[in-house]
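Each chain is listed here by its residues.
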Amino acid sequence: MACHAGARSSTASVRNCSKDDIHRMLVEIFQRFDTYGDGTISLTRLTRALEKLNLDHQSIDLAIASADGSSSDRINYVKFASWVTGYHEPSGKPEDATLVQPGSLRAAAEAGEAVLLRGSWLAKLAREGKAPPEREELPPEALWDPKELFELGDRMLRHLRKGGHAEFLPIVSVSFRRPSEGQAMPDAEQLQILALALEHLGTYLAQAFKEFGCPADCGVFLEGCSLRRPAGAAAEKNIEKLGLWYGHSLIRKLLIRGQQTPEDDGVAFLESSLSGLISQHQMVLRIGNFDHVRSCKDWPSLRKVCGAGRPPPLTPEAASALLDAKRFATTAQQDAAKQCYRLMFDAAVTSCRRLVFPRLGWGDDEIRTLATALPRCPRLMELFLEGNRVGDAGAGILAGVLPHCPALKEVLLAGNRIGDTGVEQLAKALPQVPRLERLELQENLLGEAAAKSLAMTLPAAKCLRHLLLQGNRLGDAGVKALAAALPSCAGLQCLVLDTTGAGDAAAAALCEAFANSPSLQLLHLESNALSEASREALRKAWQAAGKPERSELNGKSYPALML
């Protein structure tokens with residue numbers, strides 16, 4: 001069906017338009033307000049237009065920040081239309097995607113663009129209080145043969161994939177805080193931290209991969225000696241190479257920052273920002289000082305102590321604004337840093353399918369930052385934010401942005417501080433997230449009102465299959481409301497309601513719902529105040545409805561009905 005722009009176009013015709021048709025319509029409409037003919041609209045005009053669409057100011061601010069990210073008083077309306085529709089034009093530089101492929105690291109090492117140090121050699125040197133020399137002065141025993149290191153990495157990746165574990169290579173990129181210009185090598189305390197971390201990592205790798213005799217060692221990228229000594233324009237070239245080694249998701253990052261002082265050095269800030277792009281939570285450690293890690297006896301304990309503190313991914317516009325305030329030797333190096341970040345961001349977000357950011361101490365401010373980057377992840381399928389400090393404001397921000405993640409299937413928000421108000425906003429957004437299959441809200445601050453908000457919108461969330469709400473005080477009335485909604489939830493298969501305050505009235509409502517809820521295959525109601533009569537009634541109703549005895553949750557087989 002053809003789609004025509006114009007004020008008189010019907011709602012029905014718009015519903016039948018393709019995403020790129022709607023994108024074209026919006027651009028044509030915005031062009032009418034382009035008084036300068038430069039592809040922009042004033043923020044004042046755009047805000048007024050959005051107010052007429054009954055958008056609240058929080059949603060308007062988020063939309064503008066997500067679509068443009070600049071501090072200008074005018075906005076690029078093509079970018080804004082892309083954000084609204086979830087439309088993404090093909091990248092102008094398809095070769096950038098190679099930056100995030102596993103082979104890109106090997107190619108760079110084998111071409112001699114960077115050398116990787118042996119972690120065991122570097123740890124021994126650091127224990128002696130000696131900083132490593134520059135690349136041209138490194139002894140042969142300090143370096144890995146790229147072929148040997150990446151063959152070890154290939155064996156590790158096969159082992160991890162076989163067990164369904166998160167993938168990584170035996171490589172760690174190290175970044176030091178530079179308190180003054182020109183100081184690229186670590187001080188005595190930073191050397192102590194480096195030695196401790198590398199020893200723990202080597203031992204961890206040897207134990208984890210003892211099946212094929214993995215050595216207690218790893219490859220280390222260290223900017224000051226992995227790259228060639230900069231001279232003139234080579235300094236900018238070196239900065240441009242940092243994106244691969246600090247932004248790649250298969251490499252661990254060790255950010256050694258010393259005392260808690262502002263990160264004013266531009267290169268260190270760039271390395272930190274690249275590390276925070278798409279790397280999983282356990283892949284980035286941020287260490288303050290030696291006392292911070294002195295008591296850590298192994299790599300897992302070091303990871304637990306130093307895993308929090310990393311920032312959310314920044315948009316290129318936000319990173320550029322922050323880099324303007326950082327210290328660089330030359331303006332050319334500052335520009336190279338901005339270009340490096342933009343290239344890596346574009347390569348990472350276009351291919352990223354999973355963002356794993358649990359237990360990082362993030363609150364609503366970090367979610368606000370994250371929300372500006374999420375709409376630029378067109379392939380994002382899984383968003384893990386459990387165990388943070390997200391409250392109602394953060395949940396509201398997510399509610400505004402999740403509909404603009406067209407491939408999103410799973411959102412994990414367990415163990416946060418979300419209450420009824422936040423869930424009410426999330427619930428309203430659920431029908432607008434077209435592929436969402438899984439929502440985890442367990443161990444939050446949900447009450448009866450949250451359960452009723454979910455019950456009202458669940459029938460419209462056609463793809464939702466798994467809803468986990470355990471550990472919230474939904475109460476008897478809240479669970480009863482959910483039970484009443486079940487017959488209208490055509491796709492819901494798993495509902496987990498352990499420790500929610502469900503009572504006999506909720507149990508009766510669930511019994512009544514079973515026969516008319518053919519998709520429901522798993523219901524967990526453990527640790528609730530149910531009478532024995534209610535438990536028996538639930539078992540009989542479950543069996544009478546032809547429900548299974550066992551079902552799957554999180555990839556494991558469980559009794560389908562647990563009371």
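Anything mentioned here points back to the structure above.
In this numbering scheme, every chain counts its residues from 1 along its sequence in written order. Given that this is a predicted model, residues contribute local features only at a pLDDT of at least 70 and side-chain atom pairs are listed and counted only at 80 or more, while totals for whole chains, interfaces and linings are drawn from all residues. Hydrogen atoms and water are omitted, and side-chain values are computed over all heavy atoms in the structure.

Give me the lowdown on the overall build of the chain, citing residues and values where you can.
By the criteria applied, helices consist of DSSP H or I runs no shorter than four residues and strands consist of E runs no shorter than two, each listed in order from the N terminus. Within the chain, the regular secondary structure consists of 23 helices and 17 strands. With 563 residues in all, the chain has 52% of them scored as buried. A sequence separation of at least 24 residues applies to 78% of the contacts in the chain between residues at least 6 apart. For the area figures, the Shrake-Rupley method with a 1.4 Å probe applies, and any residue is considered shielded solely by the protein chains shown. Surface accessibility of the chain: about 24,800 Å² in total, with carbon and sulfur atoms responsible for 50%. Only protein chains enter the calculation, and the probe is 1.4 Å; a residue is then buried if its accessible area is under 20% of its type maximum, exposed if over 50%, and partly exposed in between. Any two residues having at least one pair of non-hydrogen atoms within 4.5 Å are treated as being in contact.

Any chance you could break down unusual backbone geometry for me, citing the residues and the numbers?
Of note in the backbone geometry, R359 takes a positive phi value of approximately 50 degrees without being a glycine. The class for R359 is exposed, based on a relative accessible area of 51%.

Any details on the side chain of E440? Residues and values, ideally.
Relative to the assigned elements, E440 resides in strand β11 (residues 438-440). The exposure class of E440 is buried, given its relative accessible area of 8%.

An account of helix α12 (residues 266-275) is needed here, citing residue identities and associated values.
Counting buried positions over the ten residues of α12 gives ten, a clear majority of the element. For α12, every residue scored as buried is listed here: G266, V267, A268, F269, L270, E271, S272, S273, L274 and S275. Two N or O atoms count as a polar contact when they lie within 3.5 Å, although within protein this holds only if one can serve as hydrogen donor and the other as acceptor, and sequence-adjacent residues are included solely when both atoms are side-chain atoms. Between the side-chain oxygen of the N-cap and the backbone nitrogen of V267 there are 3.4 Å, and the N-cap of α12 in question is D265.

Would you mind going over the pairing of strand β4 (residues 171-176) in detail, with residue names and values included?
With six of six residues buried, β4 is to be regarded as a mostly interior element. Of the two faces of β4, the one holding I171, S173 and S175 and the one holding V172, V174 and F176 are both buried throughout. Two strands qualify as a pair provided that DSSP identifies no fewer than 2 bridges between them. Sheet topology places β4 next to strand β5 (residues 219-222); four bridges connect them, and they run parallel. Bridge assignment links V172 to a residue of β5, and that residue is V220. Across five bridges, the pairing between β4 and strand β6 (residues 252-256) is parallel. Pairing of S173 across the sheet is with K253, part of β6.

So what's going on with the pattern of salt bridges? Residues and values would help.
For side chains bearing opposite charge, pairing can occur when the charged atoms are close. Definition used for salt bridges: Asp or Glu carboxyl oxygen within 4 Å of a side-chain nitrogen of Lys or Arg. Counted by the stated rule, this structure contains 20 salt bridges. In this structure, R294 and D291 form a salt bridge, with 2.6 Å as the shortest nitrogen-oxygen distance. D324 is the partner of K338 in a salt bridge, and the nearest nitrogen-oxygen pair spans 2.4 Å. Within this pair, whereas K338 is found in helix α16 (residues 331-351), its partner D324 is found in the loop between α15 (316-323) and α16, the two being separated by 14 residues in sequence. Linked by salt bridges that have partners in common, R106, E110 and D154 make up one network.

Can you break down the side chain of Q333 residue by residue, with the values?
Mapping Q333 onto the fold places it in helix α16. According to the relative accessible area criterion, Q333 is buried, its value standing at 15%. In this structure, Q333 is in contact with A235, E236, I239 and F328, ignoring residues within four places of it in sequence.

So, the environment of A455: which residues are in play, and what are the values?
For A455, the position within the fold is in helix α20 (residues 448-457). Given a relative accessible area of 11%, A455 falls into the buried group. Expressed as a C-alpha distance, the spacing of A455 and S488, which sit 33 residues apart in the sequence, is 9.7 Å.

With reference to specific residues and values, describe the sheet that holds strand β7 (residues 284-287).
Spatial ordering of the open sheet is given by β3-β5-β4-β6-β7, a layout of five strands whose pairing is mixed. The sheet is open, and its two edges are formed by β3 (117-118) and β7, each paired on a single side. Here β3 pairs with β5 via two bridges, running antiparallel. Within β5, the position partnered with L117 by the bridge is V220. Between the N-to-C directions of two axes lies an angle of 0 to 180 degrees, each axis being a line fitted to C-alpha atoms and, for a helix, fitted only over the stretch in contact. Packing against the sheet, helix α14 (residues 299-306) makes contact with β6 and β7, and its axis sits at approximately 70 degrees to β7.

Which residues make up the sheet that holds strand β10 (residues 410-412), and what values go with them?
The parallel open sheet is built from eight strands, whose spatial order is β8-β9-β10-β11-β12-β13-β14-β17. Of all the strands in the sheet, just β8 (354-356) and β17 (561-562) have a single pairing partner and so form its edges. Where β8 meets strand β9 (residues 382-384), three bridges bridge the pair, whose relative direction is parallel. Across the sheet, the residue bridging to L355 is L383, located in β9.

How would you sum up the nonpolar core? Please name residues and give values.
To form a nonpolar core, buried Ala, Val, Leu, Ile, Met, Phe, Trp, Tyr and Cys residues must be joined to one another through side-chain atoms within 4.5 Å. Formed by 151 residues in total, the largest nonpolar core has its most connected members in W245 and L398. In terms of residues, this core owes the most to one element, α16, which gives eight residues. Where each domain starts and ends follows an automatic or database-derived domain assignment. Of the residues that make up this core, three or more belong to each of domain 2 (102-338) and domain 3 (350-559). When near neighbours in sequence (up to four residues on either side) are disregarded, W245 contacts L105, A108, A114, L116, S173, F221, I251 and K253.

Explain the packing of helix α22 (residues 504-514) against helix α23 (residues 532-544) to me, and be specific about the residues and the numbers.
Between α22 and α23, whose axes approach to 9 Å, the crossing angle comes to 10 degrees. Here α22 is positioned roughly parallel relative to α23, judged by the angle of their axes. On α23, the residues that touch D504, A507, L510, C511 and F514 of α22 are S534, A537, L538, A541 and W542. Its residues assigned to classes, the contact of α22 with α23 comprises eight nonpolar, one polar and one charged. Roughly parallel means an angle under 35 degrees; roughly antiparallel means over 145; roughly perpendicular covers 65 to 115; every other angle is labelled oblique. For this classification, Asp, Glu, Lys and Arg are treated as charged, while Ala, Val, Leu, Ile, Met, Phe, Trp, Tyr, Cys and Pro are nonpolar and the rest, including Gly, are polar.

With reference to specific residues and values, describe the packing of aromatic side chains.
Only centres within 6.5 Å qualify two rings of Phe, Tyr or Trp (six-membered ring in Trp) as a pair; their planes then separate them into stacked at under 30 degrees, edge-to-face at over 60, and tilted for everything else. Tallied over the entire structure, the rule returns seven aromatic pairs. Both rings, one in F168 and one in F209, keep their centres 5.9 Å apart while their planes meet at 75 degrees; by these two values the pair is edge-to-face. With F168 in the loop between α8 (146-163) and β4 and F209 in the loop between α9 (188-208) and β5, the pair connects residues that are 41 residues apart, well separated along the chain. For F168, a relative accessible area of 6% translates into the label buried. Only Lys NZ and Arg CZ are tested; either one counts as a charge over a ring when it is within 6 Å of the ring centre and within 35 degrees of the ring normal. The positively charged end of K547 is found above the aromatic ring belonging to W542, 5.9 Å away from the centroid.

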